[in-house]
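Below are the chains, spelled out letter by letter.
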Amino acid sequence: MADATKTTPAMQLLAAGHQGMRVDYIGLLWQCRQELEQNAPGYAEMLRQLQEHLRELGKRWYAGDTAVVDELLQLYCIEKDARQALQARAALSAPAQDAPSATASPTASCAASATFRTT
């Protein structure tokens, strides 16, 4: 039986300092947008929005808002099945009134989060 007096270690929010090559996302996305402006302006605009969302992610994450990661993952439809599985596990372990909704349709469209600006 586990010792009930042991505490759970705090979640580590910061990784070790990066030592390898770095990519300036602003420059990368700007160059891609410039290439797309003439032939695919819709994609260029989507890249502009992605750049803004990444900036907002960094600002909010470093301010202590850890939910921003989940918001971004939902906005860009990243690992929807993994999120639904996590919701289902949480629903099984939480009391009925506190459980997150795990009944969302797996075929529901991926819609933008209300807290991320989608200009």
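What this report covers is the structure whose coordinates are included nearby. Just so it is clear, the structure is predicted and the values come from calculations on it, not from any experiment. Along each chain, the written sequence defines residue order, and numbers are assigned to residues from 1. Reporting in this predicted model follows two pLDDT cut-offs: at least 70 for local features of residues, and 80 or more for side-chain atom pairs to be given and counted; totals over whole chains, interfaces and linings ignore these cut-offs and use all residues. Water and hydrogen atoms play no part in the side-chain values, which are based on all heavy atoms of the structure.

**Notes on the environment of glycine 27**
Put simply, the rule reads: Helix and strand assignments come from DSSP, with helices taken as H or I runs of at least 4 residues and strands as E runs of at least 2, each series counted from the N terminus.
Structurally, the position occupied by glycine 27 is in helix H1 (residues 25-36). Sequence separation between glycine 27 and glutamine 51 is 24 residues, and the spatial gap between their C-alpha atoms is 9.9 Å.

**Focus: the packing of helix H2 (residues 41-62) against helix H3 (residues 67-75)**
To be explicit about the condition: All axes here are fitted lines through C-alpha atoms, helices being fitted over the stretch that makes contact, and every angle between N-to-C directions spans 0 to 180 degrees. Roughly parallel refers to an angle under 35 degrees, roughly antiparallel to one over 145, roughly perpendicular to one between 65 and 115, and oblique to any angle outside these ranges. Handedness of a helix crossing follows the sense of rotation of the near helix relative to the far helix, less than a right angle counterclockwise being left-handed and clockwise being right-handed. Should any heavy atoms of two residues lie within 4.5 Å, those residues are counted as being in contact. Residue polarity is assigned by list, with Asp, Glu, Lys and Arg as charged and Ala, Val, Leu, Ile, Met, Phe, Trp, Tyr, Cys and Pro as nonpolar; anything else, Gly included, falls into the polar class.
Running from amino to carboxyl end, H2 crosses H3 at an angle of 160°, the nearest separation of the two axes being 9 Å. By the angle class used here, H2 and H3 are roughly antiparallel. Note on packing geometry: the crossing formed by H2 with H3 is left-handed. Where H2 abuts H3, its residues His53, Leu54, Leu57, Arg60 and Trp61 lie against Val68, Val69, Glu71, Leu72 and Leu75. The class makeup of the residues in the contact of H2 with H3 is 7 nonpolar, 1 polar and 2 charged.

**A look at the environment of arginine 83**
Rules: Burial classes follow relative accessibility: with a 1.4 Å probe on protein chains only, a residue under 20% of its type's maximum area counts as buried, one over 50% as exposed, and anything between as partly exposed. N or O atoms within 3.5 Å of each other form a polar contact, as long as, within protein, one can give a hydrogen and the other can take it, and as long as residues adjacent in sequence are counted only when both atoms are side-chain atoms.
One can find arginine 83 in helix H4 (residues 80-93). For arginine 83, a relative accessible area of 27% puts it in the partly exposed group. On a C-alpha basis, the gap between arginine 83 and aspartate 70 in space is 8.7 Å, while along the polypeptide they are 13 residues apart. If near-sequence neighbours (up to four positions away) are discounted, arginine 83 is found in contact with Asp70 and Gln74. One polar contact links arginine 83 to aspartate 70, side chain to side chain, over a distance of 2.8 Å.

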